[in-house]
Structure formats: C-alpha cells, structure tokens
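What follows is each chain in one-letter form.
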Amino acid sequence: MSRPLCNHYAAILSSVATAAGGRSGAHVAGAVHCLILRTLPHPPPVHLLNHLLTAYGKSGRHARARGLFDAMPHRNLYTYNALLTTLAHARLLGDMEALFASMPERDAVSYNALIAGFAGANLPARAAGAYRTLLREEDAGVRPSRITMSSMVMAASALGDRALGRQFHCQILRVGFGAYAFVGSPLVDMYAKMGLIGYAKRVFDELEGKNVVMYNTMITGLLRCKMVQEARQLFEVMTDRDSITWTTMVTGLTQNGLESEALDVFRRMRAQGVAIDQYTFGSILTACGALSALEQGKQIHAYTIRTCYDDNIFVGSALVDMYSKCRSIILAETVFWRMSSRNIISWTAMIVGYGQNGCSEEAVRAFSEMQRDGIEPDDYTLGSVISSCANLASLEEGAQFHCLALVSGLMPYITVSNALVTLYGKCGSIEDAHRLFDEMPFHDQVSWTALVSGYAQFGKAKETIDLFEKMLSKGVKPDGVTFIGVLSACSRAGFVEKGRSYFYSMQKDHGIVPVDDHYTCMIDLYSRSGRLKEAEEFIKKMPVRPDAIGWGTLLSACRLRGDMEIGKWAAENLLEIDPHNPASYVLLCSMHAAKGQWNEVAQLRRGMRDRQVKKEPGCSWIKYKNKVHIFSADDQSHPFSKGIYEKLEWLNSKMVEEGYKPDVSSVLHDVADADKVHMLSHHSEKLAIAFGLMFVPQDMPIRIVKNLRVCVDCHNATKFISKITGRDILVRDAVRFHKFSNGLCSCGDFW
DNA sequence: CTAGGGTTAG
C-alpha cells in the first residue's frame, strides 16, 4: 500500500524541484509534507524526505529545509548534499561552510555545491580554494566530476580571468570530458562573456548531441556579442525551443535596440502557447518602455494580472520602469505602491522614474522614504537621486547626498561622482565641480561631459572649449550631450564661426546625428548674434523642422531685435506645432506690446482664452534654514512681506541713483508706463532677492531659483543690486545659470 | 531513488 504512494509523492516532489519552484512550488511541497506525515508509517523513508528537502530548497524555502533536516531521525549523504545545495543557492555561505565541515563523509557533489556557492556569490578565489582542497582529498577517493569542472569554468568566467579559463578548458580536454556533455555550456558562456566569441563558437560546433541548454547558451553569447543575425539563424533552425530560448531572444533583441522585433518574437511566443514567466515579462516590459509603447505595455500589464505575475518583484519593478519611460508616472506610482514588497531595484525604478518625468522633489522624497524603510541605497540609487537634486538646483540637499556618498563608501562609483560633478555644475558651484572632477581617479565620457556642460551653463565659453579640446586630446569620445554644451557655449559667447565648425565636425568627425537640441543650439547661435537671416536660411536647409523650442528661440531673438517679419514666421510655426504652449503667446504678445500694437495683444489673449491656454505663473524661491520661501509677482503672503517691500523700495531708489532704468518692454499689459514700472519692481525674483539680502549671512552668496527665464529687467536690476550691496547673487532660471557679482553677470548678458 | 548547467528587473 505505501510503496506506490511513496513513488507518487516522489514524482510530485521532483516535478516541483525541476519546475524551479516559486511560491506555488513551496505550497505543493508543504502539502506533500503533510500527506507524508499523515499517510505513511513513521518514520518515512529517508529518500522521500530528501526529495522533500530538495523541493523546499528549490522553491526558496531554505528555513523549511533546515527545519526538516534538523527533524530527520536518519540522514545520509544525500540529505547533507541536498541541504548543502540549498544553502549554497540561498547564498548562506557561513551556514554552508559549517555544514560542510560537520559532514561525516563527502563526495564530489558536496564539493560541487561548495564551489558553485562560492562562484555564484562572486567569490571565485574561494571557489578555487575549495577545488584545491578537493584535489588533496585523496583518502576519500573523491575525484572532480564534470560538474566540478563546469563550476570552475563559471568561477573563471566570473573572475574574467582568461588564462584561468583556458587552463580549465585544457584540463577538461585532458581528463576526457571531451564531448563536453555537461561542461560545454559553461565553456561557451565563459568565452562569450570574455568577448572571445570565436572560441565560444568553436566549442559549440564541437559539441555532440547538443541539447536546448547548449543552444540557449550559444544564442545568449551571440546576442551578448551583438551578433544578432547569427543568433536569429540559430534560433530559427532550432526545433525544440523552450521557454528560455524564446525569452533569450526577447531579451537579446531588446538589448540590441531591436525592441519591435522583440515584440514580434513575444507575439509568436504567445501564439505558440509557450509558457511566459517573470523573465519574459521583465524583458518585454523593458522593450515596451524603450519604445514608449504605452498601449502595448498596458496590454502586457493586463496579461501579468491574469497570470498572477503582477505582484512579482521582478515584474513589478519592470512595470514601474515601463510606465515611467512611457511618461505615465501616476501609473508607475500606482503599481509601485500596490506591490506587496519593494526592494532596492523597485525603489530605484521609482526614483529614476520620478527624476526622468521632471518630478525631482518626489524623487528626493522617495529616497528618504526608502531609507526609512531600512533599504540602503546603492551607487545606482544614489547617483539618480543626486541627478534629481541637480535638476532642482538644490545645493543643500545635494551636498547632503555628497556627505552620504562619503560615509557610505559609494563615492568611488563613477555614477555617483559624475552625478555630483553635474550637480555642482548646475548649481553654479563650478569650482566645486572642477575640484571633484580633479579628485576622481578616472574620468569617462559622462564625467567630461558633466564638467564641459557645467562651464557652458556658467557662461564660460573659452574654458568650455579648452576643456572640450582637452577631452578630445585625452582620447575620450564626446557624445551628443557634450556637443550641446560646446554649441551652447559658442552661442552664448557669440562664437558663430567656431560653433558652426563644431556642428559640422560633430557629424563628420564624430558620426553624431544632430537631434532637436543641436538644431536649437544652432538657431540660437545665429539669432543671438543678430544674424536672423542666416538663422532663417539654416532652418530652411535643416533635414527636419525645428521643434517648439527651436522656433521659440528664433522668436525670442526676433523680439529682442525687433524683427517682425521673421518673428511672424517663427510665431506661426510655433503656434502650429504647439497651440497650447503659453510661451508662444507670451513671446508674441511681448513682441506686439513692445511696438505698442495693443489690438494684436488683445487678439492673442482672446486666442489663449479660447484655447484655454494658461500662462505658467512665474515664481522664484530661495532656501533659508531648510525652508523654501516661494514668491510670485506682487506676492504679499509672506510673513515678512512688509520688510521685504521696504527693502525693495530702498533698493529701487539706490538703483536709480546708480543709473538703473526700468525696461518696460517686459510688461505685456497696455497700461501707463508708471504702472509698468510698478509691476516690474514686484517681480517674484526681486522679492526673493530682497528676502535673501535680509536673511542670508553677509559672506554667503544668495541663491535664487526661478521657474521661467529671467526677464530683461530683472537681469539688469540684479546686476545693479549686486554692485550696490556687494553681494554675490546666483540665479538659476529655467534654462541656465547666472552669477551676479559686482555689477556683472557670468552670462555676459546673453541668455 | 534523491544532487549539478543556460535567462530576468533599476
């Protein structure tokens, strides 16, 4: 009676073990465990309990496995090996070593578990140590098996040690695992990871009786080495593809930038009824994110819900990432908070998502929440939260993260250092940025670009160009972002010819295809120096039409120079592309207002109202004693409002004494000039500066942040204020950075 | 009659 029952249980348990478990595996194991205890005579046969031990281990229940092991009245070598493997798999290396030491006897399998544990935990040196012990274990008659060799090959692969890898390959050939039955895949994998795809292919070709795993490994290697065509061919000739084969193709195609093809493969996979698991979902969601394919992404999200994968930590993180890449940050948030648990990856996905969707404050807040949750950031997380601070131009918070980087030991990571260089550059602390850069032991493309852009934003054109040339001479390749820094520096300094030659060299010498931002820089380059006709010709010769920012750049230059003809052309195009952008109306209004054409202004205002376009209200803010003080124009809500206006009053009279003349062309209302002057004097920026003058200690610069561009009058006034008060005033506006000192601005009056 | 290999997320 109990014999067939026994076999039945064993069969169930081994199916749990080979199906690589998961949550349901653990449930099945638990259920069978109960059945064994209830229906079989006590004690149950050891081999059955060993089976159970393995099933628990495979489904991630190492504590259960441990408990069962401790409760077992009889244990054999298999029992020990099963637990040893479980501990190795769970990376409980201390327990693993202790168990190994306590074993009454050991065989090759015991050593293999030990070696695989070390190799998997990225401790190849310890794996090699275990291998040497195995070779010395002569009295027990234990010899390395082919599995030992394959584990060692994986250790060599993890070490990236080509010599060691070749050595093991030779040993394998010598001891006669010649047909590579089990060692073949790891060898192929190792060579591919080392970039020696030729060797990998040779090993693969020599394999006899290739199974799915071998094919899968080869396809992975080919895709890793960007040999997409060969991978495709191999995939198509396979007759017995499994779920991993398909997933490998989806992943590899995505990683090679062929996301649409990945989606096709995914569709074929579903059509053929291939099992889809967390790996597949993770990859296909990455593909959707890269394509910004929100609809496809949503469909796949629905599919994850139907298959109960939506709460899986891998799939959940991938969903958060997909939604934020599709610019649906609310959906990303919803998924994130619905997950029953969150790890460092999910938190980082959320933080990066906030940052990339312009929600920098939320990114910083989420970072603190993560820390409160007891999760320590890694280099990736810290780098991205610092980038968010950079976008906020939040020097205080950024500096706190600088401290965190120092105490947490994450400073040496290049992502962290690069983010800090960017932060200091964007916050106008270009000296700090440069010092940090000098302290870095190694600079990559991003580090150089961060510093180049920092100087460019600071308006230091000559330094920007010198630095860029130095970067080239060091053999560091610039990318599109680097050139945006260089071109914008040229444009701000009025280096038209230089900028033009960099633009052509970028395409010819560096093979970089210009994108909208580069074209905008070029339009800016011409129009800023008043060469509006050339800007017009440039636009007409462009292979693409300018985007809204490009047209806006031209339009604002036309406004400055009073060129109605080209200005009209720019405005028409701008309104066509972006009829809901308040900036286009504001610019057009200000052009007409400057000429006193109030009828046109009124018409434009009507147009705005009809289309329900609202001008983004300008505001400026200043941080003082960890509190942000926000001001809007004419704002009287601040508790110190009275003092602020008194201070402004005083400043105004001083400024006038020094020769300040209000620039009324910035006012878009048809009112008397005296009223315009009054309106100007209460711009949000001036309120924030007055507050800063009252509270920020004398020897500290006053740091203002502004959501729009600085207006002409405020820019002029701030120069006067810096001279009168002898204070340094740093203003970060929507586009760039201004440092006012002793009556001059770092931007050289170009912005 | 039990143990070992290949793929995933920021």
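Residues numbered from 1 in each chain as written. Chains lettered and ligands numbered in written order. Predicted model: local features only at pLDDT ≥ 70, side-chain atom pairs only at ≥ 80, totals over all residues. Heavy atoms only, no water.

Observations regarding the overall build of chain A
Item 1. Broken down by element type, chain A carries 40 helices and 6 strands.
Item 2. A buried classification covers 50% of the 751 residues belonging to chain A.
Item 3. For chain A, the proportion of contacts with a sequence separation of at least 24, taken over those separated by at least 6, is 61%.
Item 4. As presented, chain A carries roughly 35600 Å² of accessible surface, and 54% of it is formed by carbon and sulfur atoms.
Item 5. Considering chain A, the positive charge centre built from 82 side chains and the negative charge centre built from 77 side chains are found 2 Å apart. (Helix = DSSP H or I, 4+ residues; strand = E, 2+ residues; numbered from the N terminus. Buried < 20%, exposed > 50% of the residue type's maximum accessible area, 1.4 Å probe, protein only. Contact = heavy atoms within 4.5 Å. Areas by Shrake-Rupley, 256 points an atom, 1.4 Å probe, with all protein chains shown as cover. Lys, Arg positive; Asp, Glu negative; His and termini not counted. Charge placed at Lys NZ, Arg CZ, Asp CG, Glu CD.)

Description of the side chain of Thr-381
Item 1. The residue Thr-381 is located in helix H23 (residues 379-392) in this model.
Item 2. The exposure class of Thr-381 is buried, given its relative accessible area of 0%.
Item 3. In this structure the side chain of Thr-381 is engaged in a polar contact, spanning 3.0 Å, whose partner is the side chain of Thr-348.
Item 4. Ignoring any residue separated from it by four or fewer positions in sequence, one finds Thr-381 in contact with Ile-344, Thr-348, Ile-351, Phe-367 and Met-370. (Polar contact = N/O pair within 3.5 Å; in protein donor to acceptor, adjacent residues only side chain to side chain.)

Some points on the environment of Thr-245
Item 1. Along the polypeptide, Thr-245 turns up in helix H15 (residues 243-255).
Item 2. Look at Thr-245 and you get buried, because its relative accessible area is 1%.
Item 3. Separated by 504 residues in the primary sequence, Thr-245 and Asp-749 have C-alpha atoms spaced 60 Å apart.
Item 4. Here Thr-245 is in contact with Val-212, Asn-216, Ile-219, Phe-235 and Met-238, once residues within four sequence places are set aside.

Observations regarding the UniProt feature "repeat: PPR" (unreviewed entry) in chain A
Item 1. Using the residue numbers shown here, the UniProt feature "repeat: PPR" (unreviewed entry) corresponds to residues 76-110, 211-241, 242-276, 343-377, 444-478 and 479-514.
Item 2. As a span, residues 76-110 carries 74% helix and 0% strand, and end to end its C-alpha atoms are 12 Å apart.
Item 3. Helix makes up 75% of residues 479-514 and strand makes up 0%, while its end C-alpha atoms are separated by 10 Å. (UniProt positions renumbered as here; feature names shortened; annotations may be inferred.)

Focus: the packing of aromatic side chains
Item 1. Tallying each qualifying case throughout the model produces 27 aromatic pairs.
Item 2. A ring pair is formed by Phe-367 and Phe-401, whose centres lie 5.0 Å apart and whose planes are at 80°; its orientation type is edge-to-face. Taken together, the positions of Phe-367 in helix H22 (residues 360-372) and Phe-401 in helix H24 (residues 395-408) put the pair 34 residues apart, joining distant regions of the chain.
Item 3. What makes Phe-401 buried here is its relative accessible area of 9%. (Phe/Tyr/Trp six-rings, centres within 6.5 Å; stacked < 30°, edge-to-face > 60°.)

Some remarks on the protein's contact with DNA strand B
Item 1. The immediate surroundings of DNA strand B are formed by 40 residues, with His-47, Val-109, Ile-147, Asn-216 and Phe-314 found nearest.
Item 2. Looking at DNA strand B alone, sugar and phosphate atoms form 28% of those within 4 Å of the protein.
Item 3. One of the side-chain N or O atoms of Asp-242 is found 2.8 Å from a base nitrogen in DNA strand B.
Item 4. A distance of 3.3 Å separates a phosphate oxygen of DNA strand B from a polar atom in the side chain of Asp-321. (Near = heavy atom within 4 Å.)

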